[in-house]
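Inside the fold
As a plain string of letters, each chain reads:
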Amino acid sequence: MDSLTIIFTNISSGFGVAATPENLMFGMIGVLLGTAVGVLPGLGPAVAISLLLPLTFGLDPIAAFIMFGGIYYGAMYGGAMTAILVNTPGCSSSAVTTFDGHPLAKSGRAGTALLTAIIGSFVGGTFATLMLMLLAPALVEISLLFGPPEYFALMLLALIMVATIGGNNLGKSLFSTFLGIGIAMIGIDMQTGVSRITFGIPELYSGINIVLAGIGLFAIGESIWTLSGQDKSQQTQTISQTTRLGMATVEWIRSGFAWLRGTVLGFFAGILPGSGGTIAAFMAYGVEKKLSKQPHKFGSGVVEGVAAPESANNAAAGGSMVPLLALGIPGSATTAVMLVAFQMYGLQPGPLLFQNSGDLVWGLIASLYIANILLVVINLPIIGLWTKLLRIPAGLLYSSVIVFSILGAYSLKGSLSDAFIVVILGVLAFCLRKLSFPVAPVLLGIVLGPLIEQEFRRTLSISSGDLMIFLERPISAGFLAIILLSFVISLMKQTRRKTT
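Scope of this entry: the structure provided in the associated data block.

**Re the overall build of the protein chain**
For the protein chain, the helix and strand inventory stands at 23 helices and 2 strands. Residues counted as buried form 55% of the 500 residues belonging to the protein chain. Relative to all contacts within the protein chain whose residues are 6 or more apart in sequence, the contacts with residues 24 or more apart total 79%. Carbon together with sulfur atoms contributes 71% to the accessible area of the protein chain, which is approximately 20,400 Å² in total.

Below, the structure is given as structure tokens:
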């Protein structure tokens, strides 16, 4: 009870700091700016905070970090809005939301998808903040148990669980997955210094950025697909029905379980440095599909296909704050930028941060609660307004998406080659869809391929090439057992479908 009393006292003082009118104003500004930036392809929370760092030089540190908290969650939800409405993920972790969010919008249920996303964002973010407050020290100790074998097994588990999310044709899904892994191999091998699949083009030496992949495969690809007249009938249907906001009782129940599962999975994935919201969202989506009685409907517009990844990526965003605040280790690109912000104010995250700057830390934690509430208060009443985005003529809307996507790609590094890359990936996505190959597994391969290769090579280096290390370490062995069980369940389901 003593520790809980201390935590309660600290968070009460944190709310006392964060809930002042001035700081609430900064929190609201952060949510609005984050949402606005989140809807722009490629400009996720990390880029948003980076852009706003110079603007906070004259602010009190507590006010600055409260605004950063608002930007963090606002940008996450902003990315989900365009993912649902125009199949354009604002950041890579929102890409999974397109799988069912955009089909829901096409069927006239854009409001339902946005409602599901905002509730998932609130549930995931609030739970993550609560766990950050209560369990940070213990969870950091758990994350320290993960070495290369455990990370490899975790990434392989993510790959296996969601390799078939693109459709029922396993062969085409696996082809798309390996195509993504092949794209991920483009660039300089950091271990040997050898260039791979670059064809002597200097612009490819740095590889294909995951943000560029998300923009090209989904934003550009979807726009070309629609402008080519492939989706004309569904676009007409969307325009006539975009005001539906509600869900049936059974959908509320399914979404509720998906929110809870996605939240728990996302938070624990988030505390592992390097995992991030993208992998958490992929895994949450894969879990829902595995547990569903009608997995074949995923990808055609089911509410849990939005609920799970949105709660997971927001929970992961909060989970990544745990290693940052307790160890000074950034768990994601966004927390890496926030680490720079801490250092800019002369602060060093780590165990002593709670002792030396308790007001700031607990004020930041309290501001995450407030940011989640502001996110709902600001965005929930205007869901109907956002759905009207789909009433814009398809030619104008998707042409604008292409323009903003290319600008977003160019803004990452100020490189024209990045703009060409997203266009090429968009054409590739169009060709794959034309040939009935799923696009989602391509992004999955690009995300997980480098991580799997990196951790596998590190593991072999540690064990001198002995593969038994994966079975000798309990956590990695447990993940491999889950992979095996997943294969068995999939084979049983296939056999059952063939017999019936």
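Next comes the rest of the account.
**Some words on the packing of helix H4 (residues 61-86) against helix H13 (residues 304-319)**
If you want to describe how two helices pack, look at the angle between their axes and the distance between the axes. Packing of H4 against H13 leaves a shortest axis separation of 10 Å and a crossing angle of 155°. With respect to their mutual orientation, H4 and H13 come out roughly antiparallel. With respect to the hand of their crossing, H4 and H13 are arranged in right-handed fashion. Contacts from Tyr72, Tyr73, Met76, Ala80 and Ile84 of H4 reach H13 at Val306, Glu310, Asn313, Asn314, Ala317 and Gly318.

**What to know about the environment of leucine 425**
Position of leucine 425 relative to the elements: it lies in helix H20 (residues 416-434). Look at leucine 425 and you get buried, because its relative accessible area is 7%. Separated by 207 residues in the primary sequence, leucine 425 and phenylalanine 218 place their C-alpha atoms 8.9 Å from one another. For leucine 425, the residues in contact, after removing those within four places along its chain, are Ile183, Ile208, Leu212, Ala213, Gly216 and Leu217.

**Observations regarding the packing of aromatic side chains**
Per the stated rule, a full pass over the model turns up 12 aromatic pairs. Both rings, one in phenylalanine 99 and one in tyrosine 285, keep their centres 5.4 Å apart while their planes meet at 85°; by these two values the pair is edge-to-face. Of the two residues, phenylalanine 99 is situated in helix H5 (residues 98-106) and tyrosine 285 in helix H12 (residues 276-291); the sequence distance between them amounts to 186 residues. An identical accessibility class is assigned to phenylalanine 99 and tyrosine 285; each is buried. Measuring from centroid to centroid gives 5.1 Å for phenylalanine 175 and phenylalanine 437, while their planes differ by 50°, and the two rings are tilted. One end of the pair, phenylalanine 175, is in helix H8 (residues 170-184); the other, phenylalanine 437, is in the loop between H20 and helix H21 (440-463), and 262 residues separate them in sequence. For phenylalanine 175, a relative accessible area of 45% corresponds to the partly exposed category. An aromatic cluster is built from Phe99, Phe282, Tyr285 and Phe298, whose rings are joined through pairwise contacts.

Conventions used here
- Residues numbered from 1 in each chain as written.
- Predicted model: local features only at pLDDT ≥ 70, side-chain atom pairs only at ≥ 80, totals over all residues.
- Heavy atoms only, no water.
- Helix = DSSP H or I, 4+ residues; strand = E, 2+ residues; numbered from the N terminus.
- Buried < 20%, exposed > 50% of the residue type's maximum accessible area, 1.4 Å probe, protein only.
- Contact = heavy atoms within 4.5 Å.
- Areas by Shrake-Rupley, 256 points an atom, 1.4 Å probe, with all protein chains shown as cover.
- Axes fitted to C-alpha atoms, helices over the stretch in contact; angles between N-to-C directions.
- Parallel < 35°, antiparallel > 145°, perpendicular 65-115°, else oblique.
- Left-handed = near helix turned anticlockwise from the far one by under 90°.
- Phe/Tyr/Trp six-rings, centres within 6.5 Å; stacked < 30°, edge-to-face > 60°.

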